[in-house]
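Read off the chains here:
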Amino acid sequence: MKTTTKQKRRRRRPRAKPGGPPILTAGEIDAMRAAGRLASRILDVVSELIAPGVSTAAIDRLVDELTTEAGATSAPYLYQGTFPGHCCTSVNQVVCHGIPADDHILVEGDIINVDVTPVLDGFHGDTSRTFCVGEVNEQARDLVETTFRAMWLGIHAVGPGKHIGDVGRTIQPFAEARGYSIVREFTGHGTGREFHSAPTVFHHTTLGAGIELEPGMAFTIEPMINLGRWKTRVLSDGWTAETIDGKLSAQFEHTIVITPTGVEVFTLGARLRATSRRPPRSYAVIPHPSRSSVR
Ligand code: MF3
Ligand code: CO
Ligand code: CO
């Protein structure tokens, strides 16, 4: 059969390898940049609200407002038909998928992960940060710091010719050497037009290297790291996942794309975007315990 130019072009630019992340075109990468910038801006504004006395529902309302204002929608809202919030607010022992609530008031010493995913022009910007509420104890602070560094180590471990398994191979020894454990039941994921797609991005070491990475592949890196054991359980609300031992859990998340030379982070905070060519490799700058604006 005669092949048209259009078919040839399609063949040269596969949208995904079997089991691999979506492969984005240049135009789609532009759209992901815009969605990612919005997502990080939402967290920049959220970081200013976080304080003792603020409810997790107030955070949710702010996320909704900023998202709507930008002409976007919140992917978490009614995700799988049931998630009631516009973002996830996961406090202390909650690992992920915490549901915002009016009667959940933040207190000094809490750590809270806020996970947002605006959908802008059909593309998803998925990112989260863990914030410290007022002064937190040294244990909590070190966990948050280590998780941030683990995420960046994972990001710097990928690039063209690397493998998806390099993420977990890098993160696990780093976190475990500090006495922490890596959550296994929740993972990173391909993303783009779809919120969640193949592959599963493990943050711990798995058998085999996994798929080889190519320019245009987009996915998230979002390690959840626990003070105690890695095991989690989901509460009867069907969403809230917490550590079975009740100990603290922290998380950071970025949405990234493989480039011809390395990796681009779509969801960098404004300050990092403005000041740095290369994001931090292995350190966090936490200027104030209640702030984490350099993300
Ligand atoms: N943002 C989460 C992730 O990183 C998914 C949240 S789904 C929700 O993949 F329904 F809980 F919001
Ligand atoms: Co997320
Ligand atoms: Co995600």
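Residues numbered from 1 in each chain as written. Chains lettered and ligands numbered in written order. Predicted model: local features only at pLDDT ≥ 70, side-chain atom pairs only at ≥ 80, totals over all residues.

Caption draft 1: Geometry of the sheet that holds strand S12 (residues 224–226). A sheet is described by the order of its strands in space; here three strands give the open sequence S8-S12-S15, paired in antiparallel fashion. Looking along the sheet, the strands with just one partner apiece sit at the ends: strand S8 (181–182) and strand S15 (249–251). Where S8 meets S12, two bridges bridge the pair, whose relative direction is antiparallel. Following the sheet pairing, Ile182 is matched in S12 by Ile225. (Pairing = 2+ DSSP bridges. Helix = DSSP H or I, 4+ residues; strand = E, 2+ residues; numbered from the N terminus.)

Caption draft 2: Highlighting the confidence of the model for the protein. This prediction gives the protein a mean pLDDT of 90; 88% of its residues lie at or above 70. Of all secondary-structure elements in the protein, the lowest mean pLDDT belongs to helix H1 (residues 5–12), at 49, while strand S2 (residues 87–91) reaches the highest, 99. Here residues 1–10 scores under 50 on pLDDT; set against residues more than four positions off or in separate chains, the count is one contact. A low-confidence stretch, residues 281–295 stays under pLDDT 50, and its non-local contacts, those more than four residues away or across chains, total 39 contacts. (pLDDT = per-residue confidence, 0-100. Contact = placed C-beta atoms within 7 Å.)

Caption draft 3: Spatial organisation of the pairing of strand S7 (residues 127–132). Counting buried residues in S7 gives six out of six residues, a clear majority hidden from the surface. Burial of the side chains of S7 extends over both faces: Thr127, Arg129 and Phe131 are buried on one face and Ser128, Thr130 and Cys132 on the other. (Buried ≥ 20, exposed ≤ 12 C-beta atoms within 10 Å, placed from the backbone.)

Caption draft 4: Fine view of unusual backbone geometry. That bond from Ala198 to Pro199 is cis: its omega, 0°, falls within 30 degrees of zero. Checked against the element boundaries, Pro199 lands in strand S10 (residues 197–201). Unlike most non-glycine residues, Gln80 shows phi in positive territory, near 50°. Note on placement: Gln80 falls in the loop between strand S1 (73–74) and S2. Taking the number of C-beta atoms within 10 Å as the measure of exposure, Gln80 has 8 and is therefore exposed. Phi is positive for His97, close to 65°, though the residue is something other than glycine. Residue position: His97 is located in the loop between strand S3 (94–96) and strand S4 (111–116). With 24 C-beta atoms packed within 10 Å, His97 lands in the buried category.

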